[in-house]
Amino acid sequence: MILSTSAALLDAIVLAVVSREAEGTYGYRITQQIKEVLDVSESSLYPVLRRLQRDGCLTVHDQTTNGRNRRYYRVTDEGLCRLVEYRDQWRQYTQKINEIFWGTTP
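What comes next concerns the included structure. Computed from a prediction, not measured in an experiment: that's the story for all the values here.

**Thoughts on the environment of arginine 29**
Here comes step 1: Mapped onto the elements of the fold, arginine 29 is located in helix α2 (residues 27-35).
Here comes step 2: Since its relative accessible area comes to 34%, arginine 29 is described here as partly exposed.
Here comes step 3: Each C-alpha atom of the pair arginine 29 and valine 17 lies 9.6 Å from the other, and the pair is 12 residues apart in sequence.

Shown next, in the form of structure tokens:
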């Protein structure tokens, strides 16, 4: 894809992916789900997870599974509020872009 993905958009995407799992999900799974739709490296996603944790949008806990430690992330209430804001901003943004590209709003 020739369009770049901004830090804010990555934050929104990560929050959306993690919010799908009420009990949380682990880092590798998050990166794999995002890589299905975006050309983004794992090394760029882990700093996003840390930033969202630092900002109070995600909680983290470690869990041993099959003898391996996995770090699980779960969206906080603050993270859900921020996701609602991101979704609203995305809706507004895509409407404006659609107007430019096609002259209409779907």
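Let's pick the thread back up.
**Remarks on a nonpolar patch on the surface**
Here comes step 1: There is a patch of nonpolar side chains on the surface, built from Ile100, Phe101 and Trp102 and spanning about 440 Å² of accessible area.
Here comes step 2: Secondary-structure assignment places isoleucine 100 in helix α4 (residues 77-102).

**Details of the pattern of salt bridges**
Here comes step 1: Per the counting criterion, the structure on display carries 7 salt bridges.
Here comes step 2: Here aspartate 11 makes a salt bridge to arginine 51, at a shortest N to O gap of 2.6 Å. Of this pair, aspartate 11 sits in helix α1 (residues 7-19) while arginine 51 sits in helix α3 (residues 42-54); the two residues are 40 residues apart in sequence, bridging distant segments of the chain.
Here comes step 3: Note on aspartate 11: relative accessible area 7%, which makes it buried.
Here comes step 4: Linked through salt bridges whose partners overlap, the residues forming this network are Asp55, Glu78 and Arg82.

The rules behind the values
- Residues numbered from 1 in each chain as written.
- Predicted model: local features only at pLDDT ≥ 70, side-chain atom pairs only at ≥ 80, totals over all residues.
- Heavy atoms only, no water.
- Helix = DSSP H or I, 4+ residues; strand = E, 2+ residues; numbered from the N terminus.
- Buried < 20%, exposed > 50% of the residue type's maximum accessible area, 1.4 Å probe, protein only.
- Patch = residues over 30% accessible without salt bridge, like charges linked within 9 Å, V, L, I, M, F, W, Y side chains within 5 Å.
- Areas by Shrake-Rupley, 256 points an atom, 1.4 Å probe, with all protein chains shown as cover.
- Salt bridge = Lys/Arg side-chain N within 4 Å of Asp/Glu carboxyl O.

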